Amino acid sequence: YITNNLRMSNGPKNRQVGVYSDEGASPWCVECTCNMLSLRSYTAVKLSAEDVLSGKWTRSLVGIVFPGGRDSPYHDKLEGQGNKLIKRFVEEGGWYLGICAGGYFGSSRIDFCKGDPEMEIKTDRELAFFSGTAIGPRYPGFRYQDSSGELVVSISKPASRHPSIEESGTMKVYFNGGCYFSSTENDQLGYSTILWEYVGSADTAPAVVGCMWSLAGLSFVGCTLRWGPEI
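This structure is a prediction, so every number in the text was calculated from the model and none was measured.

How each quantity is defined
Residues numbered from 1 in each chain as written. Predicted model: local features only at pLDDT ≥ 70, side-chain atom pairs only at ≥ 80, totals over all residues. Heavy atoms only, no water. pLDDT = per-residue confidence, 0-100. Helix = DSSP H or I, 4+ residues; strand = E, 2+ residues; numbered from the N terminus. Contact = heavy atoms within 4.5 Å. Core = buried A, V, L, I, M, F, W, Y, C linked by side-chain atoms within 4.5 Å. Buried < 20%, exposed > 50% of the residue type's maximum accessible area, 1.4 Å probe, protein only. Pairing = 2+ DSSP bridges. Salt bridge = Lys/Arg side-chain N within 4 Å of Asp/Glu carboxyl O.

A.B. asks: An account of the confidence of the model for the chain is requested, with residue identities and associated values reported.
C.D. replies: Considering every residue of the chain, the mean pLDDT works out to 83; 78% of them sit at 70 or more. Helix 1 (residues 2-5) is the least confidently modelled element of the chain, averaging 50 in pLDDT, while helix 3 (residues 49-54) averages 98, the highest of any element. The model gives residues 7-13 a pLDDT under 50, and that stretch makes 13 contacts with residues more than four places away or in other chains. For residues 226-231, every residue scores under 50 in pLDDT, and the model assigns this stretch 17 contacts once sequence neighbours within four places are set aside.

Shown next, in the form of structure tokens:
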């Protein structure tokens, strides 16, 4: 559904998508992302931090994906120049898809593991495609050391609030430490749309949001979606 709504341009570059695969990116999530793109007839091009900082990719790709893993190493390696290149790429018509850690990375603020002395992260981020806060984990139990926080959760389209979305529906997705997206009156949310929401025992909360950036760029920031034969 998400890749169906991403911008596609004419020309030889319109099927090539960059997938960040440097420090912080989970190898399994990278491969799942590449498989997902292949199923949509895109060609995945793995990018290191050095590749991103070179800027060469902006001339050959239609989109860039930051997969699941850890957001902090993304920030550490791309702070400043790397993020400026990503924002300029989107401003000029490319798209950004953040999955789990990439969802945190693409938001204005992060509020992660609040109150945990070892894992808490409460800070701003530079990309700010979503101008609110990525808060997580949405469900308890996450640990970096093992898979104790892994879950299969349900998300659904909020068709009643956004009639332009095709039809209502629910699907199962893999979850391990992902966020939900929260905004306040001070956040500039005129160009954001909730595409999917968490459903189930917890209160409904935004799981995937689409954000307009500049006049041309459409950036999708997803928090928990990972693809593979297990889902």
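A.B. asks: Outline the nonpolar core, supporting the account with residue identities and numerical values.
C.D. replies: Core analysis: the biggest nonpolar cluster contains 33 residues, and Trp57, Phe66, Leu78, Ile86 and Tyr96 have the highest contact counts within it. Of all the elements in the fold, those that place two or more residues in this core are strand 1 (16-20), helix 2 (27-39), helix 3, strand 3 (63-66), helix 4 (71-78), helix 5 (81-91), strand 4 (95-98) and helix 6 (101-105). Counting 13 residues, the second-largest nonpolar core is a separate cluster that includes Ile110, Ala134, Ile194 and Val209.

A.B. asks: For the pairing of strand 8 (residues 151-156), give the residues involved together with the corresponding values.
C.D. replies: Two elements, strand 8 and strand 9 (residues 170-175), share six bridges in a ladder whose sense is antiparallel. Considered in strand 9, the bridge of Val153 is made with Val173. The pairing of strand 8 with strand 11 (residues 192-199) spans three bridges and is antiparallel. The residue bridging Ile155 from the neighbouring strand is Tyr198, located in strand 11.

A.B. asks: Go over the pattern of salt bridges with me, naming the residues and quoting the values.
C.D. replies: All told, the structure shown has six salt bridges when counted by the stated rule. Its salt-bridge partner being Arg125, residue Asp71 comes within 2.6 Å of it at the nearest N-O pair. Here the residue Asp71 occupies a position in helix 4, and Arg125 occupies one in the loop between strand 6 (121-124) and strand 7 (130-136), the gap between them amounting to 54 residues. Judged by relative accessible area, which is 7%, Asp71 ranks as buried. Through salt bridges with shared partners, a single ionic network connects Asp22, Glu23 and Lys77.

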